[in-house]
Amino acid sequence: MISFILKSWRRQKGRFILMMIGALLISGGLSTLIGLSETNKGTVINSLQKKWTAS
């Protein structure tokens, strides 16, 4: 099965390259979105801690 996949990739190099570029773009975008959500979460928590203090 692996040899079939490798042979297919060798025959269709352009398609393989486009798939790899797409996979890299998707993984990079998801990493960025996750990082931004974590940053926003920290910002909200810090803002709330500054405004309200526990008794």
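One can find the structure itself at the top, above this paragraph.
These numbers were taken from a predicted model, which means no experiment stands behind them.

1. Overview of the overall build of the protein chain
Piece 1. A count of helices and strands for the protein chain gives two helices and zero strands.
Piece 2. Against the 2.2 N^0.38 benchmark of 10 Å for 55 residues, the protein chain shows a C-alpha radius of gyration of 22 Å, more extended than a compact globule.
Piece 3. Overall size of the protein chain, expressed as C-alpha extent along the three principal axes, is 70 × 20 × 5 Å.
Piece 4. When the 55 residues of the protein chain are sorted by exposure, 0% land in the buried category.

2. Here we look at the packing of helix α1 (residues 2-11) against helix α2 (residues 13-51)
Piece 1. Running from N to C, α1 and α2 point in directions that differ by 100 degrees, and their axes come no closer than 5 Å. Relative to α2, the element α1 lies roughly perpendicular. Residues W9, R10 and R11 of α1 form the contact with α2, whose participating residues are K13, F16 and M19.
Piece 2. Here the contact of α1 with α2 is built from residues that sort into three nonpolar, no polar and three charged.

3. Structural notes on the environment of K13
Piece 1. Along the chain, the position of K13 falls in helix α2.
Piece 2. Residue class for K13 comes out exposed when judged on its relative accessible area of 56%.
Piece 3. A sequence separation of 10 residues divides K13 from A23, and the C-alpha atoms of the two residues are 15 Å apart.

4. What to know about a positive patch on the surface
Piece 1. Residues K7, R10, R11 and K13 make up a contiguous surface patch of positive charge.
Piece 2. Broken down by element, the positive patch gets its largest block of residues, three residues, from α1.
Piece 3. Of note, K7 is situated in helix α1.

Cut-off values and rules
Residues numbered from 1 in each chain as written. Predicted model: local features only at pLDDT ≥ 70, side-chain atom pairs only at ≥ 80, totals over all residues. Heavy atoms only, no water. Helix = DSSP H or I, 4+ residues; strand = E, 2+ residues; numbered from the N terminus. Rg over C-alpha atoms; globule rule 2.2 N^0.38 Å. Buried < 20%, exposed > 50% of the residue type's maximum accessible area, 1.4 Å probe, protein only. Axes fitted to C-alpha atoms, helices over the stretch in contact; angles between N-to-C directions. Parallel < 35°, antiparallel > 145°, perpendicular 65-115°, else oblique. Contact = heavy atoms within 4.5 Å. Nonpolar A, V, L, I, M, F, W, Y, C, P; charged D, E, K, R; others polar. Patch = residues over 30% accessible without salt bridge, like charges linked within 9 Å, V, L, I, M, F, W, Y side chains within 5 Å. Areas by Shrake-Rupley, 256 points an atom, 1.4 Å probe, with all protein chains shown as cover. Salt bridge = Lys/Arg side-chain N within 4 Å of Asp/Glu carboxyl O. Lys, Arg positive; Asp, Glu negative; His and termini not counted. Charge placed at Lys NZ, Arg CZ, Asp CG, Glu CD.

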